[in-house]
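Report on the structure
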Amino acid sequence: MNRNLFCKALFLWVLIGLRANIAWAQVHATWSLQENKFTSPERHSATLTLTNRGTTALDAGWKLYFNTIFIAIRSQSLDPKLNLKHLQGDFFVWEGETPAIQPKESFSFSYQSRGAFLKNSYPPEGLILNHTDGKIEEISQVQKEVISEAMLARMVEGTTFPVTSSKQRFSENSALYPLPDKEIPPYLPSPNAWKYTGPTLELSPSSIQLDAPKEFEKTRDYLEKTLRKGYNPKDGELGDPLRIRFEQLKSLPKEGYTLQIESTQVLIQAATSIGALYGANSFLAMLNPTFWKGGASSLTLPQVSIEDEPAFGYRGLFLDVARNFQSKDQVLKLLDLMSFYKLNVFHFNLANDEGWRIEIPGLPELTQFGGRRGFSVDESEFLWPYYASGANSDASPSGTGFYSVADFQEILRYAKERNIEVIPELGVPAHSRAAIMAMEKRFQTFKDAGNLKEALAYRLADPADQSIYLSAQNFKDNTVCVCQESTYNFYEKLVIEIGKMYTSVGLETKNWHSGGDEVPKGVWTASPICADFLAKNPQLKVGDLIDYFRERTAGILQKHGWKMGGWEEIGQTHTATTVSPNPKFANLDWKLYAWNAVAGWGGEDMAYKLANAGYPVVICSSANFYFDLAYSWDPDERGHSWSGVVDLYQSWKAVPGKLYLSHDQTIDGKPWDWSDAAQRFTKLTEEGRQNIIGVSGQVWTETIKGGKMLEYYLFPKMLGYVERAWNGDPDWSNQATEEEMKVGRTKEWNQFVNLVSQRELPRLEHIFGGVEFRLPKPGVLVLNEQVMVNSGFPGMLIRYTDSGQEPTATSPIYREPIYVRPGYTPRFKLFMQSGKSGMSSGID
């Protein structure tokens, strides 16, 4: 793309309001894209302009710090007098011969980076101006040039990049149509077997009577409390009492249940309290959405018979709170949603390079240093403000924060009541920079106090290590020294203290996630401590240190009653050209989380290889179950794209037992051939099939700030995963031919999106205080001088304007094709009945 394209295009400018800390010069910034090249070698260039809108000069010698994970670390300054320097992670600085900027004057500087520019959320953010005298100014006004879908489509011409457009969405939606209520499952995840036995009744019972055996008393109390909160009949005519009876039926599966509703009689059968809870939540899922607002004067009850049980025993959700923090209340809300949708494992990533989020008694530096982010020149008092978390460490809700022991105990109790196991992840040996730096802070404190023994007790770094490496997230010093005992003392301290938190709330120490992923190449190669260790242990070489570390940490976990788990790497061995299962640990019952499944990279069947080798495996497919990936390639949709994009359809269409059916195109936009993939894929042995113990959805938070944004990333795309977690392989995947499979997939997908749009989305507006969720852009097609519009959620309201302005809740409803006329610039947008809406689209 050249500059002329931008000059001719309509620019949209977004005003980003950051917290301002103005020193004496009020500086504004603009960012504009100069070149965007998608052919080899891919690159882009952009210009940043600072404008002094104050009344005094900005003195020469200033530095500009900023965040972005979407430019290369060796990006080039196009001004020879300036240097664009990568510091750590996503943190950069512009420095060099920076000039004075007089009032009302501007200064522009440009850079060029490897890789094309994809999304409007990718420009530099978190701009912090460091004045010559050391004063700090967060630039509060930033204008960013925005590219449209049409502009992106022109940029990628001649490539296979999978562009989006209104026309493309129309084509994707064309097979969808509204279904009558009786053809839609009663709730999500869809029960194994369901049958409507009569018309839906709207009742106003005079009372609700619950009866349960002793084993199900807690579930009965939970259901009674929930019904009292949501049902508030008006005075007047009330019907017969609603009777809900729980019955223990030990022949049912552990997590299975049956549910029958006949008139005002409800029967829930289960073998265990777990099944009883799922039966109760299934009953609640069939109530009208207004029930969740509180004060519903009637209850809508389908007459139905249901038999249900899960396909997988492990149905997990992973949440990273290290990269950007989430509050305890948001975590509790997420646990409520998990329980409601029958997920039973909460994989809680509590530490990473960018933050340490849990109190460890005896090691306060972990949270006092590692749990805080803000601006400083030398990162001496807290971590730098990664992911634009802000200069002020005391006013950074995404950068600063941790859970106290009491907070974590509350989370554990809350999860236990909802049949959710919490698996802590404190990843090692890589992804450990927050801990390494915190322990360096501790080292210095005790050293200065003259207590060298205590200073060294938990040290994680080799201070003389000259190893040169770069982590996947662009950190240069994020891996612990595995050759010193203090590292293992530290790890055992964590294991002991976390274990105490579990036992204090009546939970056994069970499953621990050790991380273990993305150990950078080159670590420990120039560490004097490791050189000395290897000299004393000649049977080991540098390449053996990672397995040595895994054995040592697994032993610590076993000693304290924990089972070892980790990302797929802890069960792999690497050569120069191949990655394969490591037989050394295959019989130790280490649980592996198989994640790296980028379509077209060749590792899509690693989960099967590991399972066949004897490892218990949780399928975490990055191509289907990574919810921090953007919903689409639309430049307006924020999020990652390194493993493609994931929306409701992409998560729903995953086939855990036949992963080669989970894709339609590669990461590069090329067609994915099911037949060829089936031949290439490792076949699951019978033992391997038994070793696939479940699935997990993941949400990493580099691009996510706050609870509302977290919910937007999760909903509704997570609901497709929920369906797969409970029901396993979809019916369509068992058809005999590819044609039959695709016909079946289309039919089942239509039923599923009707379930989501008619039942789940209206409830999500109210349940647990309301959940933020995304509505897609409508599809728009011009054919025979008529504008036709459709929706990814069939039957949902589409409103429009003729003027190019954004539709509102009072705009006309689209009901039939509209004739095109000269100058016609309509905008279309999906709306819920409540008035909630999505993003708009127009004519391509």
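The structure presented is a predicted model; accordingly, all values stated were derived computationally and were not measured.

1. Remarks on the overall build of the protein chain
Along its length, the protein chain carries 21 helices and 33 strands. A compact globule built from 844 residues would reach a C-alpha radius of gyration of about 28 Å, and the protein chain, at 28 Å, matches this within 12%. Taking the principal axes of the C-alpha coordinates as reference, the protein chain spans close to 80 × 75 × 60 Å. Long-range contacts, defined as pairs at least 24 residues apart, comprise 74% of the intrachain contacts of the protein chain with a sequence gap of at least 6. Looking at the protein chain as shown, the accessible area adds up to about 33800 Å², and 50% of this sits on carbon and sulfur atoms. Charged side chains in the protein chain number 87 positive and 98 negative. The centres of these two groups are separated by 1 Å.

2. Observations concerning a nonpolar patch on the surface
Residues Val-782, Val-820 and Ile-843 make up a contiguous nonpolar surface patch of roughly 190 Å² in combined accessible area. Along the polypeptide, Val-820 turns up in the loop between strand E32 (818–819) and strand E33 (827–831). For Val-820, a relative accessible area of 34% corresponds to the partly exposed category.

3. Observations regarding the sheet that holds strand E10 (residues 136–138)
Note: strands within a sheet are paired through backbone hydrogen bonds, in either parallel or antiparallel orientation. The strand order E6-E7-E4-E9-E10 describes an open sheet built from 5 strands, whose pairing is antiparallel. Each edge of the open sheet carries a strand with a single partner, namely strand E6 (82–88) and E10. With strand direction ignored, the average angle separating the axes of adjacent strands in the sheet is 25 degrees. Where strand E4 (residues 63–67) lies against strand E9 (residues 125–130), 4 bridges are found, and the strand directions are antiparallel. Of the residues in E9, the one forming a bridge with Tyr-65 is Ile-128.

4. Here's the deal with the pairing of strand E3 (residues 43–52)
For E3, the buried fraction is high: 9 of the 10 residues fall into the buried class. Relative to E3, strand E2 (residues 27–37) runs antiparallel, the two sharing 10 bridges. Bridge assignment links Glu-35 to a residue of E3, and that residue is Ser-45. Hairpin connection of E2 to E3: 5 residues between the antiparallel strands.

5. Observations concerning the packing of aromatic side chains
Each pair of aromatic rings is reported with the distance of its centres and the angle of its planes. Across all of its chains, the model carries 57 aromatic pairs by this definition. Both rings, one in Tyr-649 and one in Trp-652, keep their centres 6.1 Å apart while their planes meet at 20 degrees; by these two values the pair is stacked. In this pair, Tyr-649 and Trp-652 are both assigned in helix H16 (residues 648–652), 3 residues apart and thus about one turn of the helix distant. Of the residues examined, Trp-652 reaches a relative accessible area of 3% and is grouped as buried.

6. Quick word on helix H3 (residues 166–173)
For H3, the complete set of buried residues consists of Ser-166, Arg-169, Phe-170 and Asn-173. Buried residues along H3 cover an arc of 105 degrees about the axis, so they all sit on one side. Facing away from the buried surface of H3 by more than 90 degrees, the exposed residues are Lys-167, Ser-171 and Glu-172. Contacts from the buried residues of H3 go to helix H2 (149–155), strand E29 (779–783) and strand E30 (786–790).

7. Thoughts on the sheet that holds E30
The antiparallel open sheet is built from 3 strands, whose spatial order is E29-E30-E32. This sheet does not close on itself; its edge strands, each paired only once, are E29 and E32. As paired strands, E29 and E30 are joined by 5 bridges and run antiparallel to one another. Looking at the pairing, Leu-783 lines up with Gln-786 of E30. Contacts from H3 reach E29 and E30 within the one sheet, and its direction differs from that of E29 by about 100 degrees.

8. Some thoughts on the pattern of salt bridges
As enumerated under the stated definition, the model contains 40 salt bridges in all. We note a salt bridge from Asp-181 to Arg-759, for which the minimum N-O separation is 2.7 Å. Of this pair, Asp-181 sits in the loop between H3 and strand E12 (193–203) while Arg-759 is found in helix H21 (residues 738–764), placing the two residues 578 residues apart along the sequence. Owing to a relative accessible area of 37%, Asp-181 belongs among the partly exposed residues under this scheme. Judged by relative accessible area, which is 14%, Arg-759 ranks as buried. With a closest N to O distance of 3.6 Å, Lys-500 and Glu-497 form a salt bridge. With a gap of 3 residues between them, Lys-500 and Glu-497 both fall in helix H11 (residues 485–503), about one helical turn apart.

What counts as what
Position numbers for residues count from 1 along each chain, tracking the sequence in the order it is written. Where local features are concerned, this predicted model is filtered to residues with pLDDT of at least 70; where side-chain atom pairs are given and counted, the filter is 80 or more; whole-chain, interface and lining totals use all residues. Only heavy atoms go into the side-chain values, all of them from the structure, while hydrogens and water stay out. Elements are defined by DSSP. Helices are runs of H or I of four residues or more, strands are runs of E of two residues or more, and each kind is numbered from the N terminus. Here the radius of gyration uses the C-alpha set of atoms, whereas the globule reference equals 2.2 Å times the residue count to the power 0.38. Contacts between residues were defined by any pair of non-hydrogen atoms, one from each residue, lying within 4.5 Å. Only the protein chains shown count as cover for residues, and the accessible areas themselves come from Shrake-Rupley with a 1.4 Å probe. Neither His nor the chain ends contribute to the count of charged residues, in which Lys and Arg are positive and Asp and Glu negative. A charge is said to be at NZ when it belongs to Lys, at CZ for Arg, at CG for Asp and at CD for Glu. Here the term patch refers to residues with relative accessible area over 30% and no salt bridge, with like charges joined within 9 Å and nonpolar side chains (Val, Leu, Ile, Met, Phe, Trp, Tyr) within 5 Å. Take a side-chain nitrogen of Lys or Arg and a carboxyl oxygen of Asp or Glu: if they are within 4 Å of each other, that pair is a salt bridge. Buried, partly exposed and exposed residues are distinguished by accessible area as a fraction of the type maximum, computed with a 1.4 Å probe on protein chains only: under 20%, between the cut-offs, and over 50%, respectively. Criterion used throughout: strands pair if DSSP finds at least two bridges between them. An axis is simply a line fitted to the C-alpha atoms; with a helix, the fit covers only the stretch in contact. Between two such axes, the angle follows the N-to-C directions and lies from 0 to 180 degrees. Aromatic rings from Phe, Tyr and Trp, with only the six-membered ring used for Trp, were paired whenever their centres fell within 6.5 Å, and each pair was classed as stacked if the ring planes differed by under 30 degrees, edge-to-face if by over 60, and tilted otherwise. The arc under discussion is defined with respect to the helix axis, by the directions toward the C-beta atoms.

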